[in-house]
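# Structural characterization, general
Each chain is listed here by its residues.
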Amino acid sequence: MLEFLIAGFLTAAGLSCAIAPLIRRWAPALGLIDLPGLRKVHIQPTPRGGGIAIFLGFLIPTVAVVVACLMSGSKYLAGIDPVIEAIQQTPERLAQFLAIGIGACVLFFTGLADDRWNLP
């Protein structure tokens with residue numbers, strides 16, 4: 001189980017680091033720029049949207065594991081057996097995983113909207 005967690009963390013961190021420069025480059029086209037102002041500390045336009053890289057860094061490996069599970073015809077893949085067994089033994093665990101996932105999506109889209117439209 002520990003190997004699975006370490007591999008997942010390193011994959012997510014690596015993807016986030018790889019995606020961040022792309023988001024930084026695309027930020028002006030996406031309207032994700034923080035302009036200098038009276039109450040700002042920066043003196044030049046600063047790209048926003050780093051949360052996109054972090055969100056995608058965790059979303060891509062998660063989707064890849066789910067797709068691999070579905071395509072393999074088996075619910076078991078090396079390393080995630082304990083997770084699946086935990087869900088099967090306590091069905092409310094699936095509801096917890098779904099709640100965490102939905103909460104993460106709500107937070108991501110709220111942060112993205114704030115980056116784009118500077119919400120109060």
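Note that the structure is a prediction, hence the values are computed from the model and not measured. (Residues numbered from 1 in each chain as written. Predicted model: local features only at pLDDT ≥ 70, side-chain atom pairs only at ≥ 80, totals over all residues. Heavy atoms only, no water.)

On to the overall build of the chain, then. Counting secondary structure elements, the chain contains four helices and two strands. Along the chain, from the amino end to the carboxyl end, the secondary structure elements read α-β-β-α-α-α. Taking all 120 residues of the chain together, 16% fall into the buried category. Approximately 8800 Å² of the chain is accessible, and the part contributed by carbon and sulfur atoms is 72%. (Helix = DSSP H or I, 4+ residues; strand = E, 2+ residues; numbered from the N terminus. Buried < 20%, exposed > 50% of the residue type's maximum accessible area, 1.4 Å probe, protein only. Areas by Shrake-Rupley, 256 points an atom, 1.4 Å probe, with all protein chains shown as cover.)

A few words on the nonpolar core. With eight residues, the main nonpolar core is built from I19, I23, A27, L32, I52, A53, F55 and F108. Counting only elements with at least two residues in this core, the list comes to α1 (2-30) and α2 (50-72). (Core = buried A, V, L, I, M, F, W, Y, C linked by side-chain atoms within 4.5 Å.)

Once that is clear, we can look at the packing of aromatic side chains. Inspection of every chain in the model, using the stated rule, returns two aromatic pairs. Plain terms: the ring middles of F55 and F108 are 4.0 Å apart, the flat faces sit at 5° to each other, and that makes the pair stacked. Linking F55 in helix α2 with F108 in helix α4 (residues 92-117), this pair joins segments that are 53 residues apart in sequence. Both residues of the pair, F55 and F108, count as buried. Ring geometry for F108 and F109: centres 4.9 Å apart, planes at 65°, overall edge-to-face. The rings of F55, F108 and F109 are connected pair by pair, giving a single aromatic cluster. (Phe/Tyr/Trp six-rings, centres within 6.5 Å; stacked < 30°, edge-to-face > 60°.)

Moving on to the confidence of the model for the chain. Per-residue confidence for the chain gives a mean pLDDT of 85, with 88% of residues at or over 70. Averaged pLDDT values over the elements of the chain bottom out at 73 in helix α3 (residues 81-89) and peak at 92 in strand β2 (residues 46-47). (pLDDT = per-residue confidence, 0-100.)

Time to look at α4. With 26 residues, α4 should reach 38 Å at 1.5 Å per residue; the first-to-last C-alpha distance of 37 Å fits that figure. At the exit of α4 stands N118, carrying a positive phi of roughly 50°. (Expected span 1.5 Å × (residues − 1).)

In this structure, S16 sits in helix α1. Ignoring anything within four residues of it in the chain, the contact list for S16 reads A53, I54 and G57. (Contact = heavy atoms within 4.5 Å.)

The phi angle of most residues is negative, glycine excepted, and most peptide bonds adopt the trans form. We note that N118 has phi near 50°; this positive angle belongs to a residue other than glycine. Residue position: N118 is located in the segment after α4.

On the surface, a cluster of nonpolar side chains totalling about 600 Å² of accessible area is made up of L94, F97, L98, I100, I102 and V106. In this structure, L98 sits in helix α4. With relative accessibility at 52%, the residue L98 sits in the exposed group. (Patch = residues over 30% accessible without salt bridge, like charges linked within 9 Å, V, L, I, M, F, W, Y side chains within 5 Å. Salt bridge = Lys/Arg side-chain N within 4 Å of Asp/Glu carboxyl O.)

Relative to the assigned elements, L59 resides in helix α2. L59 sits in the partly exposed class, given a relative accessible area of 35%. On a C-alpha basis, the gap between L59 and L15 in space is 9.9 Å, while along the polypeptide they are 44 residues apart.

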